[in-house]
Amino acid sequence: NAGVMQNPRHLVRRRGQEARLRCSPMKGHSHVYWYRQLPEEGLKFMVYLQKENIIDESGMPKERFSAEFPKEGPSILRIQQVVRGDSAAYFCASSRGANTYEQYFGPGTRLTVT
Amino acid sequence: GESVGLHLPTLSVQEGDNSIINCAYSNSASDYFIWYKQESGKGPQFIIDIRSNMDKRQGQRVTVLLNKTVKHLSLQIAATQPGDSAVYFCAENQSGNQFYFGTGTSLTVIP
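Only a predicted model underlies this, so the values are computations on that prediction, with no experimental measurement involved.

With 20 residues of chain B at the contact, the number on the chain A side is 24 residues. Taken together, the links from chain B to chain A amount to zero salt bridges. If you look at where chain B meets chain A, you find four residue pairs in polar contact (both at pLDDT 80 or more). Looking at the side of chain B that touches chain A, the elements that each hand over two or more residues are β3 (32-38), β4 (45-51), β8 (86-93) and β9 (99-101) of chain B. The biggest single contributor to the side of chain B that touches chain A is β3 of chain B, with four residues. The residue makeup of the side of chain B that touches chain A, split by class, is eight nonpolar, nine polar and three charged.

Structure (structure tokens):
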């Protein structure tokens, strides 16, 4: 009964590099959500995906950020040309389906941009 | 002890006392709410949820109260223990699967 898995747990990137964050949902879950959390703040919704579909990306910055959830493999949040302001904890959550609201969170990836 | 929501983000209580954490939500159309607990360095952990057709829901040592008239949610923790020390977030769902999280309240339990 593995929970939501995220890797890496910590990621350090220099300005201008790319960051790739991975999320494997709980077994039986087909819906994935990405959130960003700045220090001492709440979680901010970024994107909601189902397998091979982006359902809601209203919280994603217009540039440099993208997300995917392929048919096989984990969901990936990709940040191109990272800047210092991208430093944050990125959490992934999963749920069983569209009408099952309870979301289970992974341990997060802490991104530090130097 | 009792916090007054987002304007008082920290709460300290003595071990064994009851804790009350408050949350004011923004949208009267929100129909589902979740309380999460987040320990340092970890992801949020589901505690308890409540739908808008209910006023109260109880779990193990926790009770959530919902007042739709004033758009207010509270989490009561009975007999608070040191392991309850964490940041507590309320999250509201308006439609679909998107949740909006509050800033959180940091609970410190004094042994």
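Evaluated as defined, the whole model comprises two disulfides over all chains. The disulfide partner of C23 of chain A is C92 of chain A, and the S-S distance across this bridge is 1.7 Å. Linking C23 of chain A and C92 of chain A, the disulfide has an S-S dihedral of approximately -50 degrees and is accordingly described as left-handed. One end of the pair, C23 of chain A, is in strand β3 (residues 19-24); the other, C92 of chain A, is in strand β9 (residues 88-95), and 69 residues separate them in sequence. The class of C92 of chain A is buried, set by a relative accessible area of 0%. In this model C23 of chain B forms its disulfide with C90 of chain B; the gap between the sulfur atoms is 1.6 Å. Placement of C23 of chain B in strand β2 (residues 19-24) and of C90 of chain B in strand β8 is noted, with a sequence separation of 67 residues between them. Considered together, C23 of chain B and C90 of chain B belong to a single accessibility category, that of buried residues.

Any two side chains of opposite charge can pair if their charged atoms end up close together. Residue and element names in this part refer to chain B. Taken as a whole and judged by the stated rule, the model has seven salt bridges over all chains. Of the charged contacts in the structure, one is a salt bridge between K42 and E39, with a shortest N-O distance of 3.9 Å. Relative accessible area serves as the criterion here: at 29%, E39 is assigned to the partly exposed category. Here R61 and D84 are joined by a salt bridge, their closest N and O atoms 2.9 Å apart.

Outside of glycine, negative phi angles account for most residues, and trans bonds account for most peptide bonds. With an omega dihedral of -5 degrees, the bond running from N7 of chain A to P8 of chain A counts as a cis peptide bond. Its identity is not glycine, yet R61 of chain B carries a phi of approximately 70 degrees, on the positive side. Summarising the element assignment, R61 of chain B is placed in the loop between β5 (56-58) and β6 (62-67). The exposure class assigned to R61 of chain B is partly exposed, which follows from its relative accessible area of 30%. With a phi angle near 55 degrees, K71 of chain B is a residue other than glycine that sits in the positive phi range. Tracing the sequence through the fold places K71 of chain B in the loop between β6 and β7 (72-77). Using a relative accessible area of 27% as the deciding quantity, one classes K71 of chain B as partly exposed.

Attention now goes to the packing of aromatic side chains. Overall, the coordinates contain eleven aromatic pairs over all chains when judged by the stated rule. Seen in terms of ring centroids, Y35 of chain A and F105 of chain A are 5.4 Å apart; in terms of plane orientation they differ by 45 degrees. Their pairing is tilted. A residue pair is termed long-range when its members are at least 10 positions apart, and Y35 of chain A in strand β4 (residues 31-37) and F105 of chain A in strand β10 (residues 104-105) qualify at 70 residues. Here Y35 of chain A and F105 of chain A have matching classes, each one buried. On the basis of an interplanar angle of 85 degrees and a centroid distance of 5.2 Å, the ring pair of F105 of chain A and Y36 of chain B is categorised as edge-to-face. Of this pair, F105 of chain A sits in strand β10 while Y36 of chain B sits in strand β3, on two different chains. Using a relative accessible area of 11% as the deciding quantity, one classes F105 of chain A as buried. Through pairs of rings, three or more aromatic residues link up here, namely Y35, F45 and F105 of chain A together with Y36, F46, F89 and F101 of chain B. A cation over an aromatic ring shows up here: R51 of chain B above the ring of Y32 of chain B, its NZ or CZ 4.2 Å from the ring centre.

Each value, and the rule that gives it
- Numbering of residues begins from 1 in every chain and follows the order in which that chain's sequence is written.
- Naming scheme: in the order in which they are written, chains are lettered from A and ligands are numbered from 1.
- In view of the model being predicted, local features appear only for residues whose pLDDT reaches at least 70, and side-chain atom pairs are presented and counted only at 80 or more, with totals across whole chains, interfaces and linings using the full set of residues.
- With hydrogens and water excluded, all non-hydrogen atoms of the structure serve as input to the side-chain values.
- Contacts between residues were defined by any pair of non-hydrogen atoms, one from each residue, lying within 4.5 Å.
- Any carboxyl oxygen of Asp or Glu that lies within 4 Å of a side-chain nitrogen of Lys or Arg is treated as forming a salt bridge with it.
- Here a polar contact is taken to be a pair of N or O atoms separated by no more than 3.5 Å, where protein atoms must pair a possible hydrogen donor with a possible acceptor and residues adjacent in sequence count only if both atoms sit in side chains.
- Elements are defined by DSSP. Helices are runs of H or I of four residues or more, strands are runs of E of two residues or more, and each kind is numbered from the N terminus.
- The classification used treats Ala, Val, Leu, Ile, Met, Phe, Trp, Tyr, Cys and Pro as nonpolar, Asp, Glu, Lys and Arg as charged, and all other residues, Gly among them, as polar.
- Two cysteine sulfur atoms make up a disulfide if the distance between them is within 2.5 Å.
- When accessible area is computed with a 1.4 Å probe and restricted to protein chains, residues below 20% of their type maximum are described as buried, those above 50% as exposed, and intermediate ones as partly exposed.
- Think of it this way: a Phe, Tyr or Trp ring, Trp meaning its six-membered ring, pairs with another when their centres are within 6.5 Å, and the plane angle makes it stacked under 30 degrees, edge-to-face over 60, tilted otherwise.
- We count a charge as sitting over a ring when the NZ of a lysine or the CZ of an arginine lies within 6 Å of the ring centre and within 35 degrees of the ring normal.

Treat this as a map of the structure, not an account of what it does.
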